Amino acid sequence: MEKPLDEKELERKLKKDQKAQAASDGGGAKKSDKKLRKKGATDESPEDFIDPETSAGQKKLLASQMAKQYSPAAVEKSWYAWWESSRYFEADAASSKPPFVIVQPPPNVTGVLHIGHAITAAIEDALIRWRRMSGYNALWVPGMDHAGIATQVVVEKKLMREKNLSRHDVGREKFLCEVLKWKDQHGGVILKQLRMLGASLDWSRECFTMDEQRSKAVTEAFVRMYKDGLIYRAHRLVNWDCTLRTAISDIEVDHMDLTGVTPIDVPGYRSPVQFGVLISFAYPLEEGLDEIIVATTRIETMLGDTAIAVHPQDGRYKHLHGKYAVHPFNGRKLKIICDSELVDPSFGTGAVKITPAHDPNDFKVGERHNLEFINIFTDDGKINEMGGPQFEGMPQIVEPMMKPQWYVSCNSMAKGALDAVKSKKIEIIPSQYEQDWYRWLENIRDWCVSRQLWWGHRIPAWYVTFEDDKEKDMGSYNDHWIIARDENDAILEAKQRYPGKKYRLDQDPDVLDTWFSSGLFPLSVLGWPDDKPDLSTFYPSSVLETGSDILFFWVAKMVMMGMQLGGDVPFQKVYLHPIIRDAHGRKMAKSLGNVIDPIDVINGISLENLQKKLEDGNLDPKEVKKAKEGQRKDFPNGIPECGTDALRFALISYTSQSDKINLDIKRVHGYRQWCNKLWNAIRFAMNKLGDQYVPPATIAMCSLPPVCKWILSVLNKAVGKTESSLEAYKFSEATSSIYSWWQYQLCDVYIEAIKPYFNESQEFDSARGAFRDTLWVCLDTGLRLLHPFMPYITEELWQRLPQPKEACTKDSIMISEYPAVVQEWTNDQIENETETVLDTVNKLRSLRPSADTYERRPAFVLCQGLETAATIRSYQSYITTLASVSSLQILTEDDPTPLDCATHIVSKDLSVYLQLRGALDTKAEREKLRRKREEILRQHDALSQKMNASGYREKAPQSKQDEDTRKLSALLGELEIVDGAESKLDANN
């Protein structure tokens, strides 16, 4: 048995295999063609290899003969439509099976599939298919997010481009009609693309964050949280987007730390704007007390200054405490205040200008000192009349501004979310993100949930304006709001609250933050607030799988709202997959030309078409040029067709790479070539099993040849490792285990070892039966083991396998049983013996001269001891086959070693010889033995030093001391073999 490979070793071996495969691409098919021709297979028709057309939704019709090469496009055709029409994806709320539930992170309705969606779909589908095959009532709920800001921006741009109209020109109702029209035409593209990826979502439960049921849930949540005191309205500083004219949350704003003057491209400005310019200026003091110097990088905010702060202990300004400076443009008095929290006397001049209405730190100072809050900007970011007539109309982009908004009080809910992770009610995987979770929730701020948009869930709040109100603007009085489920309820409550009064009732025009409805998704997709069977059966869900970049945008909100409204955590585990970067480790960006469209990887695309996609996009011409250069460098020949299965397997295998994935298309293509290996393994099997073969219901282990017992034992280990890795969310370990078994044990060893037994000779008839049955068991089990990761090729190949007559066979691999460990297959003795045999094979292969590709030469095995000789004798024919030698003679200690042989040491009890007959390079052989001697002596010295170290005999367990003694003896034995080989070389010369 080959030792299990760690991730790095497996990657190195995979790359080596890929190069070899690429060099011989197509060669395998040509060889098999020749063999078929030799066997008289001259009556083949090309039609025999082409799948007949399959009607939509029907089970795929397969060609009578397997194609000679794997084609992703041909294999992935028709299966999904049949799975969906057969309702294999649907879960049953009345089922007695244990539930396993995933709620799909809802992609934006504006979106198209990107590589982040692809890894999400690959991982979640692997989990769902595995659990479904393992007997769970598996539910994977699909949905779409209305994506408030993103969708509104797209439609606004479309209106302006096509009709030269703004949303304000057409009005709210007509604009929303335009959005819905656009959503019907273009929305949901991504859901069609998810079908391409093989995502087995329960489409019968598909939902949209603004459909009727989800809208009802949003309204109910707002009303309940308001009544529980968790939603309130306040006039506070918010991040105001001057282009969209709406508030945006703190975590939606990217903050850049500048170390100096930095030019930055800003939308709406023709040339880059310089940021980070520190400007000092002096405010004159009243009463002729000279002046006070302040500095700022945001000079425009001085128009809204209402105070100047100094440190109370700063001796330079003690004489100014309580005095006033005078604003040079408007004559406003600016009080000199003392504030030790904000002011650092050692920084700058030690005097700080205070603009409470436009800076978060100044806002707090303003509250502490009861300062005036002066807003100097209009909603579209221009300086207003409060900034002075000479500055009115100057533009800004995103600006902290004082605005009345609706807020969610987060402290109590955040504590519940913290405790849920600390108590392990929710497990975050990888665990490294737990500290981020604690840090963010321990410092959480209240959440601004109102947005000044038109597309979204309208806030269920109505404002009462009385006839005698002095201020008639909506929201002027905080106690005039009525929160209700609909307008009728609001009218009824207003009548009860204000009997006999005259008033007008208007609904708040604002909508809710998109993340509010997304935060409810685990509840709302299951029918909440209604008491539906889905809710009682499937809530909480089993796992949330998503990217680490939205841990706080979305995950934390779901936990807080789920616990508050659903009475329990929304999911038991959170798995955060790594963020995908390009092969060079760079973040993917259109301007770099390194964005990879998964559909292009599946179907393949030329460099010319890649570059055309850039031209058709919305990049600046300068960025298009730079992006094209990047594409020419990374994809000089375009992207080869890889297929869905290879892309999925590659993305899942990459998850071992911590928090980032450096995606290399060559590796994806390597798995596409590996699919060809699987294809050929089944082609071989179908040929050797024969048309009349009927698999056994069970397999009798006692009568199997050793190599059959071995392949079933290592298959058992692969099954166990895959199962435990999936349970632990170590997906790359699962894919490594499956890949290693198929590639290095089944294909490279077992299939190669049994090939000679399928010739015409009758002497192997009984063995052939055992080999056939074992081969069938391996392929059936191996395909089911692989299915969650590669659904298409496994379904196609499994459908071609014959099935036992007596068994109750499922119609599809996806609803058949997932493999489980079979205790009687485990055979450690056989595995240990085979490990020695394969080591012997590898050592013999390594002795063959590099130019000696095809010639088979005589080989010899020198065995020290009867047990070793018996093992080699049992596997003699397999060694001869796998090592490609003409004969294999077993020598004992008393036999003379053969002449003209290259030598290799397997162990202290075993060495191998390959007779080269004049091709032996004595000098190279002597050098090899010298290096081996040095290696043995180095190991011997290190072990001796360790055993002679102070305290070794007192501290090391006796079992360890015994093991070390055996190792030392083995090294001395290997040294004797080297001595003998060197002596033999000397004698021959």
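Residues numbered from 1 in each chain as written. Predicted model: local features only at pLDDT ≥ 70, side-chain atom pairs only at ≥ 80, totals over all residues. Heavy atoms only, no water.

Asks: What is the right way to read a nonpolar patch on the surface from this model?
Replies: A cluster of nonpolar side chains, contributed by M256, L258 and F275, occupies part of the molecular surface with about 280 Å² of accessible area. Structurally, the position occupied by F275 is in strand β8 (residues 273–275). (Patch = residues over 30% accessible without salt bridge, like charges linked within 9 Å, V, L, I, M, F, W, Y side chains within 5 Å. Areas by Shrake-Rupley, 256 points an atom, 1.4 Å probe, with all protein chains shown as cover. Salt bridge = Lys/Arg side-chain N within 4 Å of Asp/Glu carboxyl O. Helix = DSSP H or I, 4+ residues; strand = E, 2+ residues; numbered from the N terminus.)

Asks: Sorry if this is basic, but what is going on with the sheet that holds strand β21 (residues 503–507) here?
Replies: Working definition: the strands of a sheet are paired by backbone hydrogen bonds and lie parallel or antiparallel to each other. Spatially, the 3 strands line up as an open sheet ordered β20-β19-β21, and their pairing is antiparallel. Strands with a single pairing partner mark the edges of an open sheet, and in this sheet they are β20 (481–483) and β21. The average angle at which neighbouring strand axes cross in this sheet is 25°, direction not considered. The pairing of strand β19 (residues 461–466) with β20 spans 3 bridges and is classified as antiparallel. Each bridged residue has a counterpart across the sheet, and for W462 the counterpart in β20 is I482. (Pairing = 2+ DSSP bridges. Axes fitted to C-alpha atoms, helices over the stretch in contact; angles between N-to-C directions.)

Asks: For this particular structure, what's the right way to read empty space enclosed by the protein?
Replies: If a probe as big as a water molecule is rolled over the atoms, it shows which places are left empty. On inspection of all chains with the given rule, the structure shows 3 cavities of 30 Å³ or more. Here the second largest cavity is characterised by a volume of approximately 50 Å³. Surrounding the second largest cavity, L844, R845, R848, E855, R856, R857, A883, S884, V885 and L914 form its lining. A per-class count over the lining of the second largest cavity returns 4 nonpolar, 1 polar and 5 charged. (1 Å grid on protein atoms, 1.4 Å probe; cavity = no way out; pocket = protein on both sides within 12 Å on 5 of 7 lines; lining within 4 Å. Points joined across faces, edges and corners; volume = space filled by probe spheres on them. Nonpolar A, V, L, I, M, F, W, Y, C, P; charged D, E, K, R; others polar.)

Asks: I would appreciate a short explanation of helix α25 (residues 731–754) in the present structure.
Replies: An α-helical turn contains 3.6 residues, so a residue and the one three or four places further along point in the same direction. With 24 residues, α25 should cover 34 Å at 1.5 Å per step; its first-to-last C-alpha distance of 32 Å lies within 8% of that length. Most pronounced at L746, the bend in α25 amounts to some 40°. (Expected span 1.5 Å × (residues − 1). Bend = angle between axes of the 7 residues up to and from the residue.)

Asks: Sorry if this is basic, but what is going on with unusual backbone geometry here?
Replies: Negative phi characterises most residues that are not glycine, and trans characterises most peptide bonds. At the junction of I429 and P430, the peptide bond is cis and its omega measures out at -5° in the coordinates. Within the secondary structure layout, P430 lies in the loop between β16 (427–429) and α13 (434–442). Residue P540 is reached from Y539 by a cis peptide bond, and omega for that bond is 0°. Relative to the elements of secondary structure, P540 occurs in the loop between α17 (533–538) and β23 (541–547). Unusually for a residue other than glycine, A147 sits at a positive phi of about 50°. You can see A147 is positioned in the loop between β3 (143–144) and α6 (148–163). Note on A147: relative accessible area 6%, which makes it buried. Of note, K424 is a non-glycine position whose phi angle comes to about 70°, a positive value. With respect to the element layout, K424 can be found in the loop between α12 (411–422) and β16. (Buried < 20%, exposed > 50% of the residue type's maximum accessible area, 1.4 Å probe, protein only.)

Asks: Help me understand the pairing of β23, please; the structure alone is not making it clear to me.
Replies: The side chains of a regular strand alternate between the sheet's two faces. Within β23, 7 of the 7 residues are buried, leaving the element largely enclosed by the surrounding structure. Where β23 and strand β24 (residues 571–577) come together, 6 bridges link them in parallel fashion. Bridge pairing in β24 links L544 to V574. Between the parallel elements β23 and β24, the chain passes through helix α18 (residues 551–566) in a crossover that is right-handed. (Right-handed = clockwise from strand over helix to strand, strands pointing away.)

Asks: Just to check I follow, could you spell out the pairing of strand β27 (residues 858–863) for this structure?
Replies: By the criterion of burial, β27 is predominantly enclosed, with 6 of the 6 residues buried. Residues P858, F860 and L862 line one face of β27 and the alternating positions A859, V861 and C863 line the opposite face, and both faces are buried. In this sheet, strand β28 (residues 887–891) lies alongside β27 in parallel orientation, the contact comprising 5 bridges. Within β28, the position partnered with P858 by the bridge is S887. Pairing geometry for β27 and strand β30 (residues 910–915), over 5 bridges, is antiparallel. Counterpart to L862 in the pairing with β30 is S911.

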